[in-house]
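# Fold and geometry: a report
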Amino acid sequence: MNANAENQESESKMDGLKWVVVFALLAAAVVGNYLYSDVSVVLRTSAVIALVAVAGITAAFTAKGKAAIRFASESRMEVRKVVWPTRQEATQTTFIVLAVTVVMALALWGIDGIMVRLVRLFTGV
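## What to know about the overall build of the chain
From N to C terminus, the chain includes four helices and zero strands. For 125 residues, the compact-globule estimate of 2.2 N^0.38 gives 14 Å, and the C-alpha radius of gyration of the chain, at 29 Å, exceeds that figure by more than 25%. The buried share of the chain, taken over its 125 residues, is 10%. Here the chain displays about 10700 Å² of accessible surface, and carbon together with sulfur accounts for 71% of that area. Considering the chain, the positive charge centre built from 12 side chains and the negative charge centre built from 9 side chains are found 8 Å apart.

## Details of the pattern of salt bridges
This structure, assessed with the given rule, holds one salt bridge. Salt-bridge contacts for K81 lead to E78; the nearest nitrogen and oxygen are separated by 3.3 Å. With K81 and E78 both in helix α3 (residues 63-81) and three residues apart, this pair spans about one turn of that helix.

## Here we look at helix α4 (residues 87-123)
Between the first and last C-alpha of α4 there are 53 Å, a value that for 37 residues agrees with the 54 Å anticipated at 1.5 Å per step. Just downstream of α4 lies G124, where phi reads positive at about 75°.

Calculation rules
- Residues numbered from 1 in each chain as written.
- Predicted model: local features only at pLDDT ≥ 70, side-chain atom pairs only at ≥ 80, totals over all residues.
- Heavy atoms only, no water.
- Helix = DSSP H or I, 4+ residues; strand = E, 2+ residues; numbered from the N terminus.
- Rg over C-alpha atoms; globule rule 2.2 N^0.38 Å.
- Buried < 20%, exposed > 50% of the residue type's maximum accessible area, 1.4 Å probe, protein only.
- Areas by Shrake-Rupley, 256 points an atom, 1.4 Å probe, with all protein chains shown as cover.
- Lys, Arg positive; Asp, Glu negative; His and termini not counted.
- Charge placed at Lys NZ, Arg CZ, Asp CG, Glu CD.
- Salt bridge = Lys/Arg side-chain N within 4 Å of Asp/Glu carboxyl O.
- Expected span 1.5 Å × (residues − 1).

Below, the structure written as structure tokens:
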């Protein structure tokens, strides 16, 4: 049990170091892109993409990165289980939402008009 606690402590220190490396790589990408503005756009873009990719790979090896990857894969499996509506159902639902929106807009417009007239009546403006 003691070895497990030491392993977790060592792992958390390594995670902290990995996050420092990730932020350093991202900062280098931003600062390098700014400082080397006279260099070709293609080269700067390639360098920024490479640094961001290396930062992403480094972040993926942290505990939070592994958890995020696991969450994404589980989310993808859940999306596959969703029963999506047919085109006809989606179209009908869209028209119902539009109709209710128009009816509510007209109702609120009418209520607003009545309230404006009442305020004018009471204030004399």
